[in-house]
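Here are the chains, one letter per residue:
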Amino acid sequence: MKLKTGDIVARLSYKCDILFRVHKIIGNTVELVGEEMRLVADAPLEDLVLISEEERTKRRKLALETELNSYRLFRQDAKLMKERNEYESTSGYEAESSFFELRGRVLHVDGDPLYLRKCTELYERLGIPVYGVHIAEKEMPAQIGSLLEMVQPDIVVITGHDAYLKGKGDEDDLRSYRHTKQFAECVRIARKHVAHRDELVIFAGACQSHFETLIRAGANFASSPERVNIHALDPVYIAAKVSLTSFMDRIGLWDVLRNTITGEKGLGGIETRGVMRRGMPIKQEYQSEE
């Protein structure tokens with residue numbers, strides 16, 4: 001079988017459970033990145049099967065249904081939050097008053113350019129201000145500091161691809177993970193930039209990342225408590241929940257996790273306040289997106 005970079009394949013040894021993009025071919029070994037999951041893996045050529053356009057379409061339809069369900073749930077929550085904000089800002093609708101929202105700005109640093117594009121499109125659909133940057137995971141620690149200085153975000157997302165490699169050691173050995181070490185170093189640098197966890201909210205991690213290390217490094221939210229794969233869009237839903245929640249309110253952990261695609265097996269965090277601020281009177285240039 002002739003493969004080239006960008007082909008969509010699956011692994012026979014894993015019963016073709018996940019679709020991958022061919023990232024690099026070195027001899028008989030193929031480096032793969034997940035098409036929907038933030039997973040990176042190696043596989044021998046003989047273990048791979050090329051996925052037909054018909055099969056890709058079928059699987060993509062199922063994936064879109066899952067994504068749309070999470071999107072609908074999130075929009076329902078956002079609508080409820082907006083209605084509550086209107087109630088509070090008008091003293092229980094007794095006063096005729098309008099307000100505007102300053103939503104939290106997100107710096108999204110992603111190791112995958114295609115995932116970055118999908119994520120920024122979703123941020124825009126949700127009305128979240130975002131500055132997205134594609135950087136290879138190993139280069140992230142060298143660049144995160146200057147990006148924080150330039151963007152001055154309220155929320156930073158540090159993600160890309162990761163994987164736990166059983167053959168390299170046990171789950172508590174960071175050398176067994178492809179990129180958890182780089183993600184953790186980025187978190188530590190960000191915490192030197194802004195120490196307080198409610199002044200800069202951090203999400204870090206990807207598929208199978210060492211959750212405990214990322215939380216100890218200073219992240220508010222991270223993956224992956226049970227070392228499972230996470231969906232490419234999961235970090236967006238967490239960042240968006242923080243962005244749309246008032247700084248006066250604490251985010252319930254279940255509230256932020258229930259609208260993600262992966263859920264609590266792949267994502268977790270600590271109690272955190274929102275970052276959105278309301279103001280009035282409203283001016284046309286400050287009009288919030290519906």
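Details of the structure are given in the entry above.
Anyway, here's the lowdown on the structure attached to this text.

Conventions adopted
Every chain's residues receive numbers from 1 upward, in the order its sequence appears when written. Under the rules for a predicted model, residues below a pLDDT of 70 receive no local features and side-chain atom pairs below 80 are neither given nor counted, while totals for whole chains, interfaces and linings still include all residues. Heavy atoms throughout the structure, all of them, feed into the side-chain values; hydrogens and water do not. Only DSSP runs of H or I with at least four residues qualify as helices, and only runs of E with at least two residues qualify as strands; both kinds are numbered from the N terminus onward. Atoms counted for the radius of gyration: C-alpha only. Globule rule: 2.2 Å times the number of residues to the power 0.38. The cut-offs for exposure are 20% and 50% of the maximum accessible area for each residue type, with area from a 1.4 Å probe on protein chains only; residues under the lower value are buried, those over the upper are exposed, and the others partly exposed. Only heavy atoms enter the contact rule, under which two residues are in contact if any of them lie within 4.5 Å. For accessible areas, the Shrake-Rupley method is used with a probe of radius 1.4 Å. Any residue's cover is judged against the shown protein chains and nothing else. For this count, His and the chain ends are skipped, Lys and Arg are scored as positive, and Asp and Glu as negative. To locate a charge, the coordinates of NZ of Lys, CZ of Arg, CG of Asp or CD of Glu are taken. If you view a crossover with the strands going away from you and the path from the first strand over the helix to the second runs clockwise, you call it right-handed. Pairing between strands is defined by DSSP: at least two bridges between the two strands are required. We define a salt bridge as a side-chain nitrogen of Lys or Arg found within 4 Å of a carboxyl oxygen belonging to Asp or Glu.

## Things to note about the overall build of the chain
Next, step 1: When you go through the chain residue by residue, the secondary structure sums to 7 helices and 15 strands.
Next, step 2: The globule rule puts the C-alpha radius of gyration for 290 residues at 19 Å, and the 20 Å found for the chain is close to it.
Next, step 3: The principal-axis extents of the C-alpha atoms in the chain amount to approximately 70 × 45 × 30 Å.
Next, step 4: For the chain, buried positions account for 51% of its 290 residues.
Next, step 5: Taking the intrachain contacts of the chain between residues at least 6 apart in sequence as the baseline, contacts between residues at least 24 apart amount to 64%.
Next, step 6: Working note: accessible area of the chain is about 14500 Å², and carbon and sulfur atoms make up 50% of it.
Next, step 7: Of note, the chain has its 42 positive side-chain charges centred 2 Å away from the centre of its 46 negative side-chain charges.

## Considerations on the pairing of strand β7 (residues 106–110)
Next, step 1: β7 sits mainly inside the fold: 5 of its 5 residues count as buried.
Next, step 2: Alternating residues of β7 divide into V106, H108 and D110 and L107 and V109, and every residue in both groups is buried.
Next, step 3: Handedness of the crossover joining β7 and strand β8 (residues 130–134) through helix α2 (residues 113–126) is recorded here as right-handed.
Next, step 4: Two elements, β7 and strand β9 (residues 155–159), share 5 bridges in a ladder whose sense is parallel. Counterpart to V109 in the pairing with β9 is I158.

## Topic: the pattern of salt bridges
Next, step 1: Counted under the stated rule, the structure contains 18 salt bridges.
Next, step 2: In this structure, E35 and R21 form a salt bridge, with 3.0 Å as the shortest nitrogen-oxygen distance. Of the two residues, E35 sits in the loop between β3 (29–34) and β4 (40–44) while R21 sits in strand β2 (residues 20–26), which places them 14 residues apart along the sequence.
Next, step 3: Given the relative accessible area of 13%, R21 is considered buried.
Next, step 4: Note that E36 and R60 form a salt bridge whose closest N and O atoms lie 2.8 Å from each other. Of this pair, E36 sits in the loop between β3 and β4 while R60 sits in helix α1 (residues 53–89), placing them 24 residues apart in sequence.
Next, step 5: One network of salt bridges, in which partners are shared, links E36, R60, E67 and K118.

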